[in-house]
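Here is what each chain is made of, one letter per residue.
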Amino acid sequence: MCYIEAIATHLNLTHDIKEVVPDATLRRRMSRIVKMATATAFECTGGVEGIAALDAIVTATGWGCLTDSERFLEQIHRTGGQMLNPTPFIQSTFNTVGAQIALLAKNRCYNMTYVHRSRSFESALTDAMLQLKEGDARRVLVGAFDENTPTQHHIMERMGFWRKAEDGEGVVFSLLTAEASANSLARLSRVEFLSSPLSEKQCRERYASHSGVQVWHSSGKTVYPCRSAMRFAEAVEEVRKGVPEIVVYNEYFGKEPTVIVLQCL
């Protein structure tokens, strides 16, 4: 169990990337998803000072930095692997976002990235909860990000993914703490990985602590690996407003189900 001190998504940013990263040369090297994620982390922590005060940074992604990955592969194809620009390769790695956030404040804290497809965000939450429970950290930044690109969309379209769903992308960062404070938004009481899918009734029977609990499915019409992180952010807001408990059920195309339970303080 831990507490959510703050949360931000790419949809509610109030700071421009120029404020977050004043160095124009550095900004030019950053892809769109890295800029979005860095700005969202900045928003969640309240600035560089907040990032400097973190004890751990844990990020999650299903697809990683696709734009730079595609750019690097295109260079290999075009040049035959000769005279490659290293920047797209450096920026294409999955831990680019976590590293960039730490570099903003030169914070050398624990820094981990999880790439477990649709379970990536839940894996990151589990790591953060363990860090807090064991006393290794008191303030942990947990984030999830995925971007879509024309190439990714086309490939998944040919595989039939968009017949019943829409492509999507998003960035979410949340600040978790070991103890509740006057600023706490909600309590994160449980994260669980399931071996088989559950119906809404089964989910309610297994995880709800009382009859008024809401059960939310993570995907809806818009689908991407870390979509559950966006639903998590929406659920936190509802709990903050007074909904006593929300169970966020994540099932990515009928596979790899997970459950996150949020409770009102």
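Residues numbered from 1 in each chain as written. Predicted model: local features only at pLDDT ≥ 70, side-chain atom pairs only at ≥ 80, totals over all residues. Heavy atoms only, no water.

Caption draft 1: Expanded view of the overall build of the protein. When helices and strands are counted, the protein shows 11 helices and 11 strands. Against the compact-globule benchmark of 18 Å for 265 residues, the protein has a radius of gyration of 19 Å, which places it among compact chains. The principal-axis extent of the C-alpha atoms belonging to the protein is close to 60 × 45 × 30 Å. Sorting the 265 residues of the protein into buried and exposed places 54% on the buried side. Contacts in the protein between residues far apart in sequence, at least 24 positions, make up 76% of those at least 6 positions apart. (Helix = DSSP H or I, 4+ residues; strand = E, 2+ residues; numbered from the N terminus. Rg over C-alpha atoms; globule rule 2.2 N^0.38 Å. Buried < 20%, exposed > 50% of the residue type's maximum accessible area, 1.4 Å probe, protein only. Contact = heavy atoms within 4.5 Å.)

Caption draft 2: Fine view of the nonpolar core. Within the largest apolar cluster, 44 residues are counted, with the highest numbers of intra-cluster contacts made by Leu125, Leu176, Leu188, Phe232, Ile260 and Leu262. With seven residues, the single largest contributor to this core is helix H11 (residues 227–240). Once residues within four sequence positions are removed from consideration, Ile260 is found in contact with Phe121, Glu122, Leu125, Leu188, Arg190, Val191, Phe232, Ile246, Val247 and Val248. Core analysis: the next-biggest nonpolar cluster, separate from the first, contains 29 residues, Ile17, Ile33, Ala102 and Val171 among them. (Core = buried A, V, L, I, M, F, W, Y, C linked by side-chain atoms within 4.5 Å.)

Caption draft 3: Examining the side chain of Ser184 more closely. Structurally, the position occupied by Ser184 is in the loop between strand S6 (170–177) and strand S7 (186–193). Among the polar contacts listed, one links the side chain of Ser184 to the side chain of Glu5, at a separation of 3.4 Å. In this structure the side chain of Ser184 is engaged in a polar contact, spanning 2.8 Å, whose partner is the backbone nitrogen of Ser181. (Polar contact = N/O pair within 3.5 Å; in protein donor to acceptor, adjacent residues only side chain to side chain.)

Caption draft 4: How the structure looks around the packing of helix H8 (residues 120–133) against H11. Between H8 and H11, the least distance of the axes is 7 Å, while the angle of their chain directions is 60°. It follows that H8 is oblique to H11 by the angle criterion. Counting all contacts with H8, which are made through Phe121, Glu122 and Leu125, the residues of H11 involved are Ser228, Ala229 and Phe232. Taken together, the residues that form the contact of H8 with H11 break down as four nonpolar, one polar and one charged. (Axes fitted to C-alpha atoms, helices over the stretch in contact; angles between N-to-C directions. Parallel < 35°, antiparallel > 145°, perpendicular 65-115°, else oblique. Nonpolar A, V, L, I, M, F, W, Y, C, P; charged D, E, K, R; others polar.)

Caption draft 5: Inspection of the state of the cysteines at higher detail. Throughout the structure, instances matching the rule amount to zero disulfides. Of all cysteine sulfurs in the structure, the one in Cys2 sits closest to Cys44, which takes part in no disulfide; the separation is 13 Å. A relative accessible area of 6% means that Cys44 is categorised as buried. (Disulfide = S-S within 2.5 Å.)

Caption draft 6: Structural context of the side chain of Thr59. Its place among the elements puts Thr59 in strand S2 (residues 56–60). Of the residues examined, Thr59 reaches a relative accessible area of 0% and is grouped as buried. A distance of 2.8 Å separates the side chain of Thr59 from the side chain of Thr113, its partner in a polar contact.

Caption draft 7: Here's a closer look at the pattern of salt bridges. Scanning all chains against the criterion turns up 10 salt bridges. One salt bridge connects Glu256 with Arg117, and the closest N-O pair in it is separated by 2.6 Å. Of this pair, Glu256 sits in strand S11 (residues 255–263) while Arg117 sits in the loop between strand S3 (110–114) and H8, placing them 139 residues apart in sequence. Ionic pairing is found between Arg204 and Glu200, a salt bridge with its closest N-O pair at 3.3 Å. Of this pair, Arg204 and Glu200 both sit in helix H10 (residues 200–207), four residues apart, which is roughly one turn of the helix. Arg204 gets classed as partly exposed once you look at its relative accessible area, which sits at 28%. Glu200 gets classed as partly exposed once you look at its relative accessible area, which sits at 49%. Among the charged side chains, a network of salt bridges with common partners joins Arg32, Glu147 and Glu169. (Salt bridge = Lys/Arg side-chain N within 4 Å of Asp/Glu carboxyl O.)

Caption draft 8: Layout of the pairing of S2. The buried fraction of S2 amounts to five of the five residues, a majority that puts the element mostly inside the structure. Burial along S2 is two-sided: Ala56, Val58 and Ala60 and Ile57 and Thr59, pointing in opposite directions, are all buried. By the bridge criterion, five bridges tie S2 to S3 in an arrangement that is parallel. The residue bridging Val58 from the neighbouring strand is Met112, located in S3. As judged from the five bridges shared by S2 and strand S4 (residues 139–146), these two strands associate in the parallel manner. Counterpart to Thr59 in the pairing with S4 is Gly143. (Pairing = 2+ DSSP bridges.)

Caption draft 9: Main features of the environment of Ser228. The topology assignment puts Ser228 in helix H11. For Ser228 and Met36, which are 192 residues apart along the polypeptide, the C-alpha to C-alpha distance reads 18 Å. When residues no more than four places from it in sequence are discounted, the contact partners of Ser228 are Ser118, Phe121, Glu122, Ser218 and Asn250. Among the polar contacts made by the side chain of Ser228, one reaches the side chain of Glu122 at a distance of 2.9 Å.

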